[in-house]
Amino acid sequence: MKGRNMTRWRDPAKDPRQEKKSHLITPQGYARLKGIHEHLSRVRRPELSAKVGEAAALGDRSENADYTYNKKELNRVIARIRYLGKRLDELQVVDRLPADTERIYFGAFVTLEDDSGDELAIRIVGHDETDTQRHWISVDAPLARALLGKGLDDDVTVAAPGGETTYIVTAIDYRDPNA
């Protein structure tokens, strides 16, 4: 196959992009995605459509950079709207606490301590709401998978690029992230 969309071949069995994503999401994450979808649909798309129409009215489209840029941006926004629409339909909102709040499950804020005494505070969230700045990791991440079902003072060993790392669970909390 030749063409401008050709990328290097990846083995589908080992390609991380082919892994199944969980369909879990917190109520806050769902509201944020819904808000983005609404904004793109009701504000951004009509705005870009108007810009493309104005640029097209100027004449020769082949040399009209404003038309070309806005048309590409409009297509990108339409693709994002379509993706978000499909994704919102398949998401499952987890809006209640687990029966056993002494164990780590979806939505938990967890504090870990490694062998050198360094603390790591994370939250286990859905794939669509991961945030490295806030230390929110996907429920599909290796660390989150290793933590699920563990309790206080449990040891957790995770394979990392630098070798295996062992953590001790020092705190588990199910609080409102906005509080």
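Scroll up to find the structure.
Keep in mind that this is a model prediction, so the values were computed, not measured.

Student: Help me understand helix 1 (residues 27-57) in this model?
Tutor: Quick reminder: α-helices carry 3.6 residues per turn. Residues three or four places apart thus point the same way. Between its terminal C-alpha atoms helix 1 stretches 44 Å, which fits the 45 Å expected from 31 residues at 1.5 Å a residue. At Leu40, helix 1 shows its strongest bend, of approximately 40 degrees. All buried positions along helix 1 are accounted for by Gly29, Leu33, His37, Leu40, Leu48, Val52, Ala55 and Ala56. Buried residues belonging to helix 1 abut strand 1 (24-25) and helix 2 (65-90).

Student: What should I look at first to understand the nonpolar core in this one?
Tutor: Here is a general trend for soluble globular proteins: nonpolar side chains tend to be buried in one another's company. With 19 residues, the main nonpolar core has Ile104, Val110, Leu112, Ile122, Leu143, Leu147 and Val169 as its most contacted residues. Among the secondary structure elements, those contributing two or more residues to this core are strand 3 (109-114), strand 4 (119-125), helix 3 (142-147), strand 6 (155-160) and strand 7 (163-173). Discounting residues that sit within four places of it in the chain, Ile122 has contacts with Ala108, Phe109, Val110, Leu112, His135, Ile137, Leu143 and Leu147. Membership of the second largest hydrophobic core comes to 15 residues, among which are Ile25, Tyr67, Leu84 and Leu88.

Student: Looking at this structure, how should I read the pattern of salt bridges?
Tutor: Under the counting rule described, the total for this entry stands at 9 salt bridges. Note that Glu47 and Arg44 form a salt bridge whose closest N and O atoms lie 2.6 Å from each other. With Glu47 and Arg44 both in helix 1, this residue pair falls 3 residues apart, about one helical turn. With a shortest N-O distance of 3.0 Å, Arg175 and Asp173 are connected by a salt bridge. Via salt bridges that share partners, Arg44, Glu47, Glu73 and Arg76 belong to a single interconnected network.

Student: Help me understand the environment of Pro98, please; the structure alone is not making it clear to me.
Tutor: Structurally, Pro98 is set in the loop between strand 2 (92-93) and strand 3. For the pair Pro98 and Gly149, spaced 51 residues apart in the sequence, the C-alpha separation amounts to 11 Å. Pro98 has contacts with Tyr105 and Tyr174, leaving out every residue within four places of it along the chain.

Conventions and cut-offs
Residues numbered from 1 in each chain as written. Predicted model: local features only at pLDDT ≥ 70, side-chain atom pairs only at ≥ 80, totals over all residues. Heavy atoms only, no water. Helix = DSSP H or I, 4+ residues; strand = E, 2+ residues; numbered from the N terminus. Expected span 1.5 Å × (residues − 1). Bend = angle between axes of the 7 residues up to and from the residue. Buried < 20%, exposed > 50% of the residue type's maximum accessible area, 1.4 Å probe, protein only. Contact = heavy atoms within 4.5 Å. Core = buried A, V, L, I, M, F, W, Y, C linked by side-chain atoms within 4.5 Å. Salt bridge = Lys/Arg side-chain N within 4 Å of Asp/Glu carboxyl O.

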